[in-house]
Amino acid sequence: ADDWQFTLTPYLWIPTIAGDVKFEPPSGGGSPTFDLGPTDWFDMLNFAAFLGGSAKKGRFSMLSDMAYLSMTNEPDSRLASVDALIPGPGLIEIPVGIDVTLDTETDLTGFMWSGAIGYELLRTDTSYLDAFIGARYFGVDVETSWSLSAAITTPGGTEVFPAEGRIEGSTDLWDAIIGVRGQFALGQSRWSVPYYADVGSGSSDLTWNAFAGLSYGFEWGDLLFAYRHLEYDEGDTGLLQGFSFTGPAIGATFRF
């Protein structure tokens, strides 16, 4: 169409969360890695908000997506390992058995925003395909408290991580992304299949985001059912290591 077309999509996403959080060493200690899951999103949720939108004129489009999460993970979080610098051998990883963790609690607050500019590659009466390029920001604050059955020590008996304590970390990630999105109808029905995929890098070693689902059309817009996966990996020294959000989503797309 020659005129601007806009969409607004509030949605609810219910992911399973999994990954490792690697903190900087506390004073005089080793660098701990905590395993967070996989855990059910409902077990962790304090507050969440999700909103997507687009604007399109002719073949050009602008896309945006926002997500805010505040959650607390207790039953599925544990200390996985501690990296310690030992005179002689150097940096060594000390694995921590699951039976050592008596109690842990992890509070995570994250905000994600992505923006992109797209160009329509293909359109028929029943489908379209856009390519886009843009950027995604992900800022996260993580705080973990722990209680272990014993302090973590080196083979020589030197304590490198206390039995109890609290530690926190944060990161702000900006990544360039490139991807495709589209939709195709199922025959002559009101049902269609929307899809989206992007991949990027920058502050993180790798991030990727994808979803596919079913959409049912009404006069006012579409009702959407989808399955989405978002993943971040900052590498061996980053706060987030193989951190992922995976699960179903439901939303409504309003067209105007």
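As a reminder, the structure under discussion sits directly above these lines.
By convention here, each chain's residues receive numbers from 1 onward along its written sequence. At least 70 in pLDDT is required for a residue's local features to be given in this predicted model, at least 80 for side-chain atom pairs to be given and counted, and no such filter applies to totals for whole chains, interfaces and linings, which use all residues. For side-chain calculations, the full set of non-hydrogen atoms in the structure is used, while hydrogens and water are omitted.

Details of the overall build of the protein chain
Piece 1. We count a stretch as a helix when DSSP gives it H or I for four or more residues in a row; a strand needs E for two or more, and each element gets its number in order from the N terminus. Of regular secondary structure, the protein chain possesses 1 helix and 17 strands.
Piece 2. Here the C-alpha coordinates of the protein chain stretch approximately 70 × 30 × 25 Å along the principal axes.
Piece 3. Looking at the protein chain as a whole, 47% of its 256 residues are labelled buried.
Piece 4. We call two residues in contact when some of their heavy atoms are within 4.5 Å. The contacts of the protein chain with a sequence gap of at least 6 include a subset with a gap of at least 24, amounting to 64%.
Piece 5. To be clear on the numbers: accessible area is Shrake-Rupley with a 1.4 Å probe, and residue cover counts the displayed protein chains and nothing else. Of the roughly 12700 Å² that the protein chain leaves accessible, carbon and sulfur atoms contribute 59%.
Piece 6. We score Asp and Glu as negative and Lys and Arg as positive, and we do not count His or the chain ends. Positions of charges follow a simple convention, taking NZ of Lys, CZ of Arg, CG of Asp or CD of Glu. In the protein chain, 12 positive and 34 negative side-chain charges are present, and the distance between their average locations comes to 16 Å. Exposure categories follow from relative accessible area, calculated using a 1.4 Å probe and restricted to protein chains: below 20% of the type maximum is buried, above 50% is exposed, and the middle band is partly exposed.

A short note on the nonpolar core
Piece 1. What is meant by a nonpolar core is a set of buried Ala, Val, Leu, Ile, Met, Phe, Trp, Tyr and Cys residues, joined one to another through side-chain atoms within 4.5 Å. Membership of the largest hydrophobic core comes to 38 residues, with the highest contact counts inside it found for Leu79, Phe138, Ile152, Phe161, Phe243 and Phe245.
Piece 2. Ranked by the residues each element gives to this core, the list is headed by strand β10 (residues 127-148), at 5 residues.
Piece 3. Dropping the residues within four chain positions of it, Leu79 is found in contact with Pro32, Thr33, Phe34, Val96, Thr101, Thr104, Leu148, Ile152 and Phe161.
Piece 4. Judged by nonpolar contacts, the second largest core, of 5 residues, contains Leu63, Phe132, Ile177 and Tyr196.

Considerations on the pattern of salt bridges
Piece 1. In what follows, salt bridge is the name for a side-chain nitrogen of Lys or Arg lying within 4 Å of a carboxyl oxygen of Asp or Glu. For the structure shown, the criterion picks out 9 salt bridges.
Piece 2. In this structure, Asp130 and Arg181 form a salt bridge, with 3.5 Å as the shortest nitrogen-oxygen distance. Placement of Asp130 in strand β10 and of Arg181 in strand β13 (residues 164-185) is noted, with a sequence separation of 51 residues between them. With respect to class, Asp130 is no different from Arg181; both count as buried.

A look at the packing of aromatic side chains
Piece 1. When two rings of Phe, Tyr or Trp (its six-membered ring) have centres within 6.5 Å they constitute a pair, described as stacked for plane angles under 30 degrees, edge-to-face for angles over 60, and tilted for the intermediate range. Counted by the stated rule, this structure contains 21 aromatic pairs.
Piece 2. Relative to Phe161, the ring of Trp146 has its centre 4.6 Å away and its plane inclined at 20°; by these criteria the two rings are stacked. Of this pair, Trp146 sits in strand β10 while Phe161 sits in strand β12 (residues 159-161); the two residues are 15 residues apart in sequence, bridging distant segments of the chain. The pair Trp146 / Phe161 is uniform in exposure class, with both members buried.
Piece 3. An angle of 5° between the planes, with centres 5.2 Å apart, marks the rings of Phe218 and Trp220 as stacked.
Piece 4. Overall, the relative accessible area of 38% leaves Trp220 in the partly exposed class.
Piece 5. A network of ring pairs unites the aromatic residues Tyr11, Trp13, Phe50, Phe138, Tyr232, Phe243 and Phe245 as a single cluster.

Let's talk about a nonpolar patch on the surface
Piece 1. Together, Trp4, Phe6, Leu8, Leu51, Met62, Ile117, Phe218, Trp220, Phe254 and Phe256 make up an exposed nonpolar region whose accessible area comes to about 980 Å².
Piece 2. Within the secondary structure, Phe218 sits in the loop between β15 (206-217) and β16 (221-233).
Piece 3. Owing to a relative accessible area of 33%, Phe218 belongs among the partly exposed residues under this scheme. A patch consists of residues exposed above 30% relative accessible area that lack any salt bridge, with like charges linked at up to 9 Å and nonpolar side chains (Val, Leu, Ile, Met, Phe, Trp, Tyr) linked at up to 5 Å.

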